[in-house]
Each structure stands twice: as C-alpha cells, then as structure tokens.
Amino acid sequence: MLSPSLAPSALPASWYQCQGAARSYTSAYGSYAADVCVIGGGIMGLSVALALAKTRSVVLLEAHQIGAGASGRNGGQILPGFALPEEDLVAKLGAYTAQKAWCMTRSSQQALQRLALEHNILYQPGVLVAAPDKTGLASLKKRAKFWQDVGQEVHLLEAHDTHSITKAQGYMGGLLDPGSGSLDPYALMQAMAFEAQAAGVQIFEDSAVLHAQHGKITGVGFEVLAPEVVWAVNTHLKHWKPSKTQKAHTFMMAMPASCPEDLPTMAVYDTGFGMHYFRAQGDHLVFGSGTSPVLVPKVLQKAWLYASVRRRMPAFKPQTASRLWSGPLDVTSDLLPILGKDHHRLQRTWWAEGFCGHGMALAHCAGSAVAEAVLGKEDAFSFLSRLSSHTAPSLCKAAWLRLGHKAFG
Ligand SMILES: Cc1cc2nc3c(=O)[nH]c(=O)nc-3n(C[C@H](O)[C@H](O)[C@H](O)COP(=O)(O)OP(=O)(O)OC[C@H]3O[C@@H](n4cnc5c(N)ncnc54)[C@H](O)[C@@H]3O)c2cc1C
C-alpha cells in the first residue's frame with residue numbers, strides 16, 4: 001500500500017512540454033463513483049480509458065499532468081513489436097506466438113497513427129534501423145525475414161541509401177520500415193486525453209492515489225468508489241506490489257539544427273553503442289541515449305550525447321542543446337511485458353508493466369487488452385500475460401545496462 005511519501009515526484013519538464021500549450025484538468029476533490037478507476041495518465045491509462053469510455057463510466061487519476069511521465073517525454077517513435085529483437089522473440093516464443101504478438105502491436109501502432117492524423121499531429125513516416133557493423137547488418141537481415149513472414153513491407157538498404165536518409169556517417173546498411181514513424185509524444189497524450197474527456201471520461205490531474213482497497217481509491221482530499229481498478233503507473237507499480245521489473249533511466253537531448261540539410265528525413269535507430277536514435281522534430285534534432293540503471297549526472301549525459309553526435313554526424317554543427325531531459329523505464333529480464341490481475345470480492349485490479357523502453361504501441365496494446373478484459377473478454381489479456389516468463393531480475397547492473405542498450409537498438 002502506498003503511503004503519502006511514496007507518491008511519485010514530478011519530473012522536470014521534457015522539451016516537448018515546453019513547445020506547446022497543454023489543456024489542464026482539475027484536481028479530484030470530494031467523492032466520485034465510477035465503473036472503472038484508471039490510475040495514471042500516460043499512454044497505457046489513456047488507452048484503457050478511451051477503450052472503455054463508450055460502455056463504462058471511467059475516472060482517470062493522474063498524480064501530475066497528463067503525459068508528464070515517460071509517455072510525454074520519450075523518443076516519439078511509434079514502433080511495432082517488443083524491446084526483444086524479432087529473431088530473439090521467435091527463439092523465445094516460437095514463430096506462431098511471436099508473430100501473433102507482434103501483429104497485435106502493429107494494430108496498436110496503426111491505431112495511434114490514425115489518432116495522430118485525426119488530431120493534426122505532425123507525423124513523420126518511416127523508421128530506419130542503421131547498422132554500423134557486420135553484426136548489426138546480420139541482425140537486420142534476420143529482422144527483414146521476420147517482417148516478410150508477417151507480410152509487412154520492409155526494405156534492406158545499401159550504405160549509400162542509408163547515408164542519404166540518415167545524413168550520418170559510418171553505416172554499412174539499414175532496414176527501412178515505411179509503416180512506422182515518429183511524432184511529438186506529448187501532443188499525442190494531449191490528443192488522447194481530449195478524446196477521452198469528450199467521450200465522457202472524468203480526468204483529474206494533480207491527484208495522486210495513495211490507497212486503493214475494497215473498491216475505494218483515495219488520495220489527499222478525494223475518494224473514488226469503483227469496483228474495477230487499473231494500475232497504469234509504469235515504474236511506480238513496485239510501490240504497490242512486488243514487481244519483477246527493474247527501474248532504469250534513459251536520457252534525451254533536443255538541439256537546434258544550423259541548416260535543414262543536416263536533418264535526417266526520418267527517425268534513425270543505431271544498432272551500435274552510444275546514441276541510440278535520432279530524428280528531426282521541427283527544426284530540431286532529437287537524440288536518445290541508451291539506458292542506465294542509475295540516473296547519470298546531466299554533465300555526463302550531455303558529454304555522451306555530444307560525442308555520439310560528433311562521431312556519426314561530423315557535418316552536423318552541434319549547437320547548444322535546447323534541452324536535456326531524462327525519463328524512467330521499467331525493464332524485465334526477458335524484455336517482455338508483464339500483465340496481471342488480482343481479484344477480490346469488492347475490487348478487481350488489473351495492471352501492466354515492463355514495456356522495456358518500447359512502450360508506445362505496446363502500452364496501447366496492453367491497455368486495449370486490459371479494457372477488453374474489464375468488459376469480460378480476456379483472450380488478448382491472457383495471451384499477452386503468458387508471454388513473459390516473469391523471472392525475477394537477478395542480473396547485475398552491468399547486464400541491465402547491456403539489455404537497455406539492446407532495448408533501444
Ligand atoms: C526517454 C524515453 C524515451 C523513450 N522512447 C520511446 C520511443 O521512442 N518509442 C517507444 O515506443 N517507447 C519509448 N519509451 C518507452 C515509453 O515511453 C513507455 O514505455 C511508455 O510511455 C509507458 O507508458 P505508461 O502509460 O505505462 O507510463 P507513463 O507514461 O510513465 O505513465 C504513468 C503515469 O502514472 C502516473 N502515476 C504514477 N503513480 C501514480 C499515482 N499513485 N497516482 C496517480 N498517478 C500516478 C505518473 O505520474 C505517470 O504520468 C521511452 C521512454 C523514455 C523514458
């Protein structure tokens with residue numbers, strides 16, 4: 001059970017949050033009743049709320065602001081699949097299960113793309129995974145085979161074409177996925193909250209939940225009576241129940257481009273070590289680092305990212321970063337998410353965690369499965385909850401670092 005001191009503390013604003021105005025929602029005050037109480041206003045919570053809004057009364061409680069967590073500060077790449085590379089997914093789950101799970105996330109990815117389009121959110125199509133070495137190239141070939149097996153368009157590129165897209169040096173080839181893309185994730189969260197509220201969801205910000213038991217969900221100055229409770233709180237879940245995930249941090253930087261020709265034409269993932277992805281967002285370059293089990297001091301984060309930029313993009317003239325920010329991730333030892341439920345007479349509780357830094361489409365997919373389960377159809381929920389072997393993370397910190405890098409590779 002959470003005590004007040006364990007309410008999540010606010011994270012410093014991401015660069016996206018500083019770009020545009022956000023709609024604000026009032027704090028919860030007094031007593032409310034609903035069929036479902038969703039805790040957490042990130043992509044997982046908003047996906048659940050949106051999916052249930054038509055048939056159930058829903059209250060959504062967010063400790064800070066909508067999208068203030070990982071969902072509003074991430075790389076903005078909307079990708080299918082899992083943090084686990086496709087060839088490892090097949091090795092772990094077998095071809096049939098791996099393909100079925102992957103295709104579920106592809107559907108969620110497409111749903112998010114449609115949402116972005118409907119809300120006029122600038123969406124940059126295409127994601128290129130670029131390999132700086134032979135190991136990376138070999139992995140791309142295996143991934144391409146998986147994509148072809150599930151009937152998805154994908155293109156293996158030579159070094160020259162990879163360079164034209166990335167504007168970066170040292171890549172031996174790439175894998176172009178035209179069906180994926182990137183956007184401002186904070187704008188997407190705002191759009192989802194707007195749509196959820198329009199569909200009847202009661203959204204409250206600055207409303208941290210401190211207790212949830214016997215169908216009574218409480219925080220300072222409010223209570224919600226609801227028989228169904230959905231925890232969509234990402235790394236904070238471990239304050240509520242024993243968790244099989246490890247908390248990690250990743251950091252990002254936004255830097256103005258000196259000339260537009262320096263900007264890549266789509267999001268680029270690097271299978272090597274160091275900078276894990278970069279892309280244009282407006283007239284800025286956005287960079288994402290690897291993952292660390294501890295919060296790295298800002299000065300080191302900056303040095304790391306600057307060095308990576310210089311190595312790959314010598315033509316790009318590094319400007320002073322507009323903003324450097326970080327965010328939390330929950331990582332599982334097998335890089336697969338954990339979905340769970342806990343049913344008591346007065347309260348049915350559902351949760352999902354462990355998206356391992358690959359969570360936009362995946363958290364939406366998990367959220368949709370939870371919503372269906374709340375409505376009595378548990379097929380997707382049961383299927384997804386059986387994917388992870390739920391082993392405790394006994395790996396040492398260095399191994400978590402390596403896994404984190406893999407997660408973004
Ligand atoms: C820097 C970074 C870059 C990333 N890049 C990508 C990417 O490019 N593509 C991708 O697919 N994934 C990416 N990810 C991962 C992705 O952002 C996450 O997996 C996903 O956003 C998780 O969504 P969520 O809704 O579970 O969690 P969150 O977005 O963290 O939402 C949880 C919410 O719960 C709230 N909360 C917590 N406790 C309480 C409480 N007691 N009461 C009320 N509210 C509470 C929090 O304030 C928070 O807003 C990245 C993550 C980070 C950190």
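Before reading further, recall that the structure is shown in the block above.
Colleague: Describe the overall build of the protein, listing the residues and the values that go with them.
Modeller: When its secondary structure is counted, the protein shows eleven helices and 19 strands. Taken over the C-alpha trace, the protein has a radius of gyration of 20 Å; the compact-globule value for 409 residues is 22 Å, and the two agree within 12%. Taken along the three principal axes of its C-alpha coordinates, the protein extends 60 × 45 × 45 Å. Burial statistics for the protein: of 409 residues in total, 52% are counted as buried. Long-range pairs, those at least 24 residues apart, make up 78% of the contacts in the protein with a sequence separation of at least 6.

Colleague: Could you give an account of the environment of Ala-212, naming the residues involved and the relevant values?
Modeller: Tracing the sequence through the fold places Ala-212 in strand β9 (residues 211–213). As for Ala-212 and Trp-240, which are separated by 28 residues in sequence, their C-alpha atoms are 9.3 Å apart. Excluding residues within four positions of it along the chain, Ala-212 makes contact with Ile-217 and Val-229.

Colleague: Report on the sheet that holds strand β11 (residues 222–225), specifying residues and quantitative values.
Modeller: Reading across the sheet, the four strands line up as β1-β11-β10-β9 and stay open at both edges, with mixed pairing between neighbours. Since the sheet does not close on itself, it has two edges, and those belong to β1 (30–33) and β9, each with one partner. Each adjacent strand pair in this sheet contributes to an overall mean axis angle of 15°, direction not counted. As paired elements, strand β10 (residues 216–219) and β11 share four bridges and run antiparallel to each other. Note on β11: the bridge partner recorded for Lys-216 is Leu-225.

Colleague: Describe the packing of helix α4 (residues 95–118) against helix α7 (residues 185–198), and please don't skip the residues or the numbers.
Modeller: Axis separation between α4 and α7 bottoms out at 10 Å; the angle between their running directions is 85°. The pairing of α4 with α7 is recorded here as roughly perpendicular in orientation. Every residue of α7 that contacts α4 at Leu-112, Leu-115 and Ala-116 is listed here: Leu-188, Ala-191 and Met-192. For the contact of α4 with α7, the per-class residue count stands at six nonpolar, no polar and no charged.

Colleague: How would you explain the site of the ligand if you had to name every residue and give the values?
Modeller: If you check the shell around the ligand, you find 42 residues, and the closest are Gly-42, Gly-69, Gly-75, Gly-327 and Gly-359. Within the residue set of the shell around the ligand, elements represented by two or more residues are α2 (43–52), β13 (246–256), β17 (323–331) and α9 (359–374). Here the shell around the ligand is composed, by residue class, of 21 nonpolar, 19 polar and two charged.

Colleague: Let's hear about the sheet that holds strand β2 (residues 36–39): which residues, and what values?
Modeller: An order of β8-β3-β2-β12-β19-β18 is seen for the six strands of this open sheet, with the pairing classed as mixed. Strands at the two margins of the open sheet, each flanked by one partner only, are β8 (202–204) and β18 (338–343). Between one strand axis and the next, the sheet turns by 15° as a mean value, whatever way the strands run. The pairing of β2 with strand β12 (residues 228–231) spans four bridges and is classified as parallel. Within β12, the position partnered with Val-36 by the bridge is Glu-228. In this fold α9 packs onto β2, β12, β18 and β19 (348–353), with an angle of close to 165° to the strand it touches most, β19.

Colleague: Requested: an account of the nonpolar core, with residues and values cited.
Modeller: Counting 122 residues, the largest nonpolar core has Cys-37, Ala-49 and Val-370 as its most contacted members. Among the elements that make up this core, the one with the highest residue count is α9 (eleven residues). The residues touching Ala-49, leaving out its near neighbours within four places in the chain, are Val-38, Val-58, Leu-60, Ala-196 and Val-201.

Colleague: Explain the packing of helix α3 (residues 86–93) against α4 to me, and be specific about the residues and the numbers.
Modeller: In contact at an axis separation of 7 Å, α3 and α4 are set at 130° when each is read in the N-to-C sense. Taken together, the axis directions place α3 and α4 in an arrangement best described as oblique. The crossing of α3 and α4 is right-handed. Within the contact between the two elements, α3 uses Glu-86, Leu-89, Val-90 and Leu-93 and α4 uses Ala-95, Thr-97, Ala-98, Ala-101 and Trp-102. In the contact of α3 with α4, the residues fall into seven nonpolar, one polar and one charged.

Quick notes on the rules
Residues numbered from 1 in each chain as written. Predicted model: local features only at pLDDT ≥ 70, side-chain atom pairs only at ≥ 80, totals over all residues. Helix = DSSP H or I, 4+ residues; strand = E, 2+ residues; numbered from the N terminus. Rg over C-alpha atoms; globule rule 2.2 N^0.38 Å. Buried ≥ 20, exposed ≤ 12 C-beta atoms within 10 Å, placed from the backbone. Contact = placed C-beta atoms within 7 Å. Pairing = 2+ DSSP bridges. Axes fitted to C-alpha atoms, helices over the stretch in contact; angles between N-to-C directions. Parallel < 35°, antiparallel > 145°, perpendicular 65-115°, else oblique. Nonpolar A, V, L, I, M, F, W, Y, C, P; charged D, E, K, R; others polar. Near = placed C-beta within 6 Å. Core = buried A, V, L, I, M, F, W, Y, C linked by C-beta atoms within 7 Å. Left-handed = near helix turned anticlockwise from the far one by under 90°.

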